[in-house]
Structure formats: structure tokens, C-alpha cells
Amino acid sequence: MDNLLETAVHGNIGLITLNRPKVLNALNRQMIREIAETLEEFDRRDDVRVTVLTGSGRAFAAGADIDEMANEDSVRMELLNQFVDWDRITVIKKPIIGAVHGFALGGGFELALACDLLFAADTAKFGFPEVNLGVMPGAGGTQRLTKLMGKTKALEYIWTGETMTAQEAERFGVVNRLFAPELLIEETMKFAARLSEKAPLSIRLSKEAVYKALDYSVYEGMQFERKNFSLLFSSEDQKEGMSAFQEKRRPSFKGK
Ligand code: CO8
């Protein structure tokens with residue numbers, strides 16, 4: 001059997017490629033578990049500073065695997081507790097950049113929304129077709145899309161199941177940047193490489209602080225931000241970054 005994922009490390013960039021192209025990378029439970037495991041492994045490795053997540057073939061992912069879900073009942077769904085593996089993705093400390101081409105639908109869109117930044121081919125299509133299957137988004141879609149684009153637009157997409165073009169996704173703040181499909185991976189890897197040259201602890205602690213803005217009041221978020229800001233003054237990289245500035249040279253960060 002083919003591996004569900006292909007994983008590689010290029011320089012300081014971890015690359016995860018969903019690998020079920022025959023079914024448009026439909027996400028089965030094992031795949032989500034393996035994505036979480038790989039992200040955790042990359043989080044622990046000193047040589048990986050950023051992860052890029054993408055799909056093989058003609059889609060990012062066309063949703064959760066419908067064949068795996070079709071005959072489930074709600075008690076079994078509850079007992080499976082499958083969302084625990086999705087939750088593991090949300091506590092990853094290093095940056096995750098999604099690179100979406102083709103379809104990102106249903107659970108595939110939710111996986112894209114679980115990334116910190118999203119780059120897409122200008123032909124990519126996003127959407128929640130669950131209304132056509134008698135279900136609804138279940139892995140964070142109703143929450144994350146609403147935070148990004150507001151209640152009114154989110155409900156329109158979730159209720160109609162219509163696909164959002166890459167241009168709409170960019171306009172609504174769902175996607176950071178668009179590229180021609182043939183340049184998507186190259187440009188995403190270049191951006192990831194630039195990010196990997198920044199001080200890793202600065203990236204890590206600011207990621208944590210930005211996500212607090214989604215749940216905390218501004219006052220609470222600022223208290224949290226201050227603690228992380230102060231914490232960075234114990235790092236070697238803060239000394240390196242500031243001395244490099246004063247000595248007019250490029251800093252070399254170690255992530256310590
Ligand atoms: N699950 C299983 N198989 C799929 C899926 C899927 N989500 N999507 C595509 N496939 C399979 C097709 O069955 C087909 O297989 P086969 O060749 O054996 O017939 C193969 O992939 C290629 O697909 P198509 O022939 O349909 O390709 P088209 O280009 O004609 O159409 C579409 C592309 C429009 C993307 C179409 O495949 C489609 O509509 N797919 C389903 C999209 C969908 O409804 N996604 C939502 C699924 S529900 C969901 O994600 C809920 C998430 C809840 C949280 C997560 C919980 C685990």
C-alpha cells in the first residue's frame with residue numbers, strides 16, 4: 001500500500017505531501033493521525049524551522065473520506081474521539097504554511113484553515129459542500145472561517161456549499177498570497193526559507209501570542225504578549241540579533 005503521506009526535509013523546511021491522489025487526497029482518520037505525528041516530529045527537530053503542507057495530484061484535499069464516514073452512527077463517532085488528532089495540529093509551535101492547489105473542500109478546507117498561513121494557486125477552489133451530504137463542517141470550519149471572514153460571508157458559503165475562488169479567498173483574508181499553479185510550491189518554499197532565517201523563538205512566541213488574540217480580550221492578550229516579549233530577553237538569539245544590528249552585520253540565529 002502507498003504511504004498516505006510523503007514527508008521530506010529540505011534545508012530547514014519540513015514538507016508534508018498528502019498522498020492519496022486517486023481520491024483527491026480524501027482525508028481518512030489515519031492520515032490526520034499521521035499529519036499530527038509528523039508535525040510533532042518536525043516540532044521537536046532542531047533542523048526544521050517551518051513546515052509546508054500540500055497535496056499531490058490535482059487537489060489539496062477534497063474533504064474527509066466519505067467512504068469511511070458513510071455508515072457511522074453518532075455514538076461511534078463520539079467514542080472514536082477522532083478530533084483529538086485534529087487538536088494536536090492546533091498546538092504545534094512552529095509555523096505551518098499550507099500550499100493549496102485544486103480543491104480544498106470540507107475537511108480539506110478545514111485542514112487548510114488549520115495552517116498558520118495559506119498560499120494558493122490562482123485556480124484553487126475552497127468550499128464546504130457538507131450541506132449536500134446532510135452534515136456540516138466538524139473540524140473547526142464554522143469557527144475558523146467565521147473568524148477570518150465574518151459571520152455573514154461564512155454563513156453564505158457554509159449554507160450554499162458553493163465554492164470560493166482563490167481570488168475571493170484572498171480578498172476575504174482566508175489566503176495570504178496567490179501564485180500561478182506551476183509556481184506555487186517553489187514560491188511557498190522560498191517564503192518558508194525566508195521565514196526560517198528569522199529568530200525561531202521570536203516566530204514561535206509571536207505565533208502563540210497572535211492566536212491568543214482570537215480568544216482573549218485585548219487586555220488579557222497584551223498581558224500574555226508582554227510575558228513572551230520579556231521571555232525572549234533570556235535567549236541567545238536576542239543578544240545575537242541586537243549585536244548584529246549594532247555591528248551592522250546579518251544575524252545568525254540558533255533558535256536558543
Ligand atoms: N471522499 C472519498 N472519496 C472522494 C472524495 C471524498 N471526500 N472526494 C473525491 N473522492 C473520490 C471520488 O469518489 C473519485 O473516486 P473514483 O475514481 O473511485 O470514483 C475520485 O476521488 C475522483 O473524484 P471525481 O471523479 O468525483 O472527480 P471530479 O473532478 O469529477 O470532481 C469533486 C471533483 C467536485 C471534488 C468531487 O470529487 C466531489 O464532490 N468530492 C466530494 C467533496 C465533498 O463533499 N467533500 C466534503 C466531504 S465531508 C467532510 O469533509 C466533512 C468534514 C468533517 C470534519 C472531519 C471529520 C473527519
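Quick look at the structure, then. (Residues numbered from 1 in each chain as written. Predicted model: local features only at pLDDT ≥ 70, side-chain atom pairs only at ≥ 80, totals over all residues. Heavy atoms only, no water.)

Moving on, we come to the overall build of the protein chain. In terms of helices and strands, the protein chain carries twelve helices and ten strands. The globule rule puts the C-alpha radius of gyration for 256 residues at 18 Å, and the 19 Å found for the protein chain is close to it. On the principal axes, the C-alpha backbone points of the protein chain span a range of 60 × 45 × 35 Å. The burial tally for the protein chain puts 43% of its 256 residues in the buried class. Of the contacts formed within the protein chain by residues at least 6 apart in sequence, a portion of 67% connects residues at least 24 apart. Total accessible area computed for the protein chain in this model is approximately 14100 Å², and 55% of it derives from carbon and sulfur atoms. Within the protein chain, one finds 33 positive and 37 negative side-chain charges whose respective centroids are separated by 6 Å. (Helix = DSSP H or I, 4+ residues; strand = E, 2+ residues; numbered from the N terminus. Rg over C-alpha atoms; globule rule 2.2 N^0.38 Å. Buried < 20%, exposed > 50% of the residue type's maximum accessible area, 1.4 Å probe, protein only. Contact = heavy atoms within 4.5 Å. Areas by Shrake-Rupley, 256 points an atom, 1.4 Å probe, with all protein chains shown as cover. Lys, Arg positive; Asp, Glu negative; His and termini not counted. Charge placed at Lys NZ, Arg CZ, Asp CG, Glu CD.)

Let us look at the sheet that holds strand β9 (residues 164-165). Taken together, the four strands give an open sheet; going across it, the order is β4-β6-β8-β9, and neighbouring strands pair in mixed fashion. The open sheet is flanked by β4 (59-61) and β9, the only strands paired with a single partner. Alignment of β4 against strand β6 (residues 103-105), held across two bridges, turns out to be parallel. By the bridge assignment, A61 is partnered in β6 with A104. (Pairing = 2+ DSSP bridges.)

What follows covers the site of the ligand. Every one of the 24 residues lining the ligand counts as a neighbour, but R58, A62, A64, I66 and G107 are closest to it. Backbone polar atom of I66 to a nitrogen atom of the ligand: 2.9 Å apart, as the coordinates give it. In isolation the ligand offers 1100 Å² of accessible surface; the protein chains occlude 64% of this area. Taken together, the elements giving at least two residues each to the shell around the ligand come down to α2 (66-69), α4 (83-90), β6 and α5 (107-113). Looking at side-chain class alone, the shell around the ligand contains 14 nonpolar, five polar and five charged residues. (Near = heavy atom within 4 Å. Polar contact = N/O pair within 3.5 Å; in protein donor to acceptor, adjacent residues only side chain to side chain. Nonpolar A, V, L, I, M, F, W, Y, C, P; charged D, E, K, R; others polar.)

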